[in-house]
Amino acid sequence: MAPASSNAPVLAGVAGHPVRHSLSPVIHTIWAKRAGINGYYIPIDVPPSYDEFARAMDSLRVVGFAGVNVTLPHKEHALRYADKKSENAQAAGAANMLTFSDAGASAENSDITGFAEAVREQRSEPGISALVLGAGGAARGVVLALKALGFTDIRIANRTMERAVELAEAFDLAVIEWGKRSQVLENTDLLVNTTSLGMSGQPSLEMEIGALKPSALIADIVYAPLKTDLLRRAEENSHQTVDGLAMLMHQAVPGFRQWFGEEASVDDELRGELVKELNRRGKT
């Protein structure tokens, strides 16, 4: 929450490595300005090890930070560091939020609610069958969001079968061989890419999506570029899509509420400002 003194600025930020690409400072700065809050949200580059992360968090607490978002490679470190862990964070095995208080550090995973809200924004009843591409930390959060949305038939396809099986066993899911991922789309209501394929500087996601039914929704958690090749092909086939920017905006809401003490709105104006920033960076 915001400090009691009106003269003391609220301090928050995002910790990661690298972190300069993050749009989170843009989001929180816009919201703080809207609310008339004296506050700062700062990108904090923290070297990859847990020890470095713990030292950085200790220092932030000393100087009065209300909390931080946490991005790669520190989401598991954040969970380990926390004195108190939410059910979502424990289930996901990772946290993207740390809130500091006299009682210690509390961990939360708002990626789960962020993805769920981004899907709900497009469709109030998204379906029951989903295919998730990838089996990393992001995939775990997406699976939890899908379960919260009411999906009962969730399948996992990953380039490394061992990781797919590990995730499937943890959440009672079905595993699809990576090479057969296009063969199970006929009855799929939602296709989600949680891999780095399609991200700027990474190979494209080579996948035939023609078998998807017209009502299927396609989501990609990548937001650089904003419109990945997968989403571009989905739109060409007249499918509704959810891009990574939608998830990013929605996952930021709980942190702003917790640290700055105000509600935040995800709206067209905010999205427009973020698209401008991506254009400036050449990431659309």
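What to know about the overall build of the chain
Part 1 of the reasoning: Each helix and strand counted, the chain has 10 helices and 12 strands in total.
Part 2 of the reasoning: Relative to the 2.2 N^0.38 estimate, which gives 19 Å for 284 residues, the radius of gyration of the chain is 19 Å and therefore close to what a compact globule would have.
Part 3 of the reasoning: When the backbone C-alpha atoms are referred to their principal axes, the chain occupies close to 60 × 40 × 35 Å.
Part 4 of the reasoning: Counting only residues that meet the buried cut, the chain has 51% of its 284 residues in that class.
Part 5 of the reasoning: Taking all contacts inside the chain whose residues are at least 6 apart in sequence as the whole, residues at least 24 apart take part in 68%.
Part 6 of the reasoning: Averaged over its 28 positive side-chain charges, the chain has a centre that lies 3 Å from the centre of its 35 negative ones.

Some details on the packing of helix α9 (residues 244–260) against helix α10 (residues 268–281)
How two helices pack is summed up by the angle between their axes together with the distance between the axes.
Part 1 of the reasoning: The N-to-C vectors of α9 and α10 enclose an angle of 120°; their axes lie 11 Å apart at closest approach. By the angle class used here, α9 and α10 are oblique. The two elements α9 and α10 cross, and the hand of that crossing is right-handed. Every residue of α10 that contacts α9 at Leu-245, Ala-246 and Met-249 is listed here: Leu-270, Arg-271, Leu-274, Val-275 and Leu-278.
Part 2 of the reasoning: Its residues assigned to classes, the contact of α9 with α10 shows seven nonpolar, no polar and one charged.

Examining the side chain of Gln-251
Part 1 of the reasoning: Looking at the secondary structure, you find Gln-251 in helix α9.
Part 2 of the reasoning: Polar contacts involving the side chain of Gln-251 include one to the main-chain carbonyl oxygen of Leu-248, which spans 3.0 Å.
Part 3 of the reasoning: With near-sequence residues (within four places) excluded, Gln-251 lies in contact with Ser-24, Asn-69, Asn-96, Ser-110, Asp-111 and Gly-114.

Examining the pattern of salt bridges
Part 1 of the reasoning: By the definition in use, this model includes 15 salt bridges.
Part 2 of the reasoning: Between Lys-75 and Asp-111 there is a salt bridge, with the nearest N and O atoms lying 2.6 Å from each other. Highlighted residues: Lys-75 in helix α3 (residues 75–81) and Asp-111 in helix α5 (residues 110–122), separated in sequence by 36 residues.
Part 3 of the reasoning: The class for Lys-75 is partly exposed, based on a relative accessible area of 21%.
Part 4 of the reasoning: The salt bridge involving Arg-271 is made with Asp-243; its shortest N-O contact spans 2.4 Å. Remark: Asp-243 occurs in the loop between β12 (240–242) and α9 and Arg-271 occurs in helix α10; sequence separation between them is 28 residues.
Part 5 of the reasoning: When salt bridges that share partners are traced, they join Arg-34, Asp-267 and Glu-269 into one network.

About the cut-offs
- Residues numbered from 1 in each chain as written.
- Predicted model: local features only at pLDDT ≥ 70, side-chain atom pairs only at ≥ 80, totals over all residues.
- Heavy atoms only, no water.
- Helix = DSSP H or I, 4+ residues; strand = E, 2+ residues; numbered from the N terminus.
- Rg over C-alpha atoms; globule rule 2.2 N^0.38 Å.
- Buried < 20%, exposed > 50% of the residue type's maximum accessible area, 1.4 Å probe, protein only.
- Contact = heavy atoms within 4.5 Å.
- Lys, Arg positive; Asp, Glu negative; His and termini not counted.
- Charge placed at Lys NZ, Arg CZ, Asp CG, Glu CD.
- Axes fitted to C-alpha atoms, helices over the stretch in contact; angles between N-to-C directions.
- Parallel < 35°, antiparallel > 145°, perpendicular 65-115°, else oblique.
- Left-handed = near helix turned anticlockwise from the far one by under 90°.
- Nonpolar A, V, L, I, M, F, W, Y, C, P; charged D, E, K, R; others polar.
- Polar contact = N/O pair within 3.5 Å; in protein donor to acceptor, adjacent residues only side chain to side chain.
- Salt bridge = Lys/Arg side-chain N within 4 Å of Asp/Glu carboxyl O.

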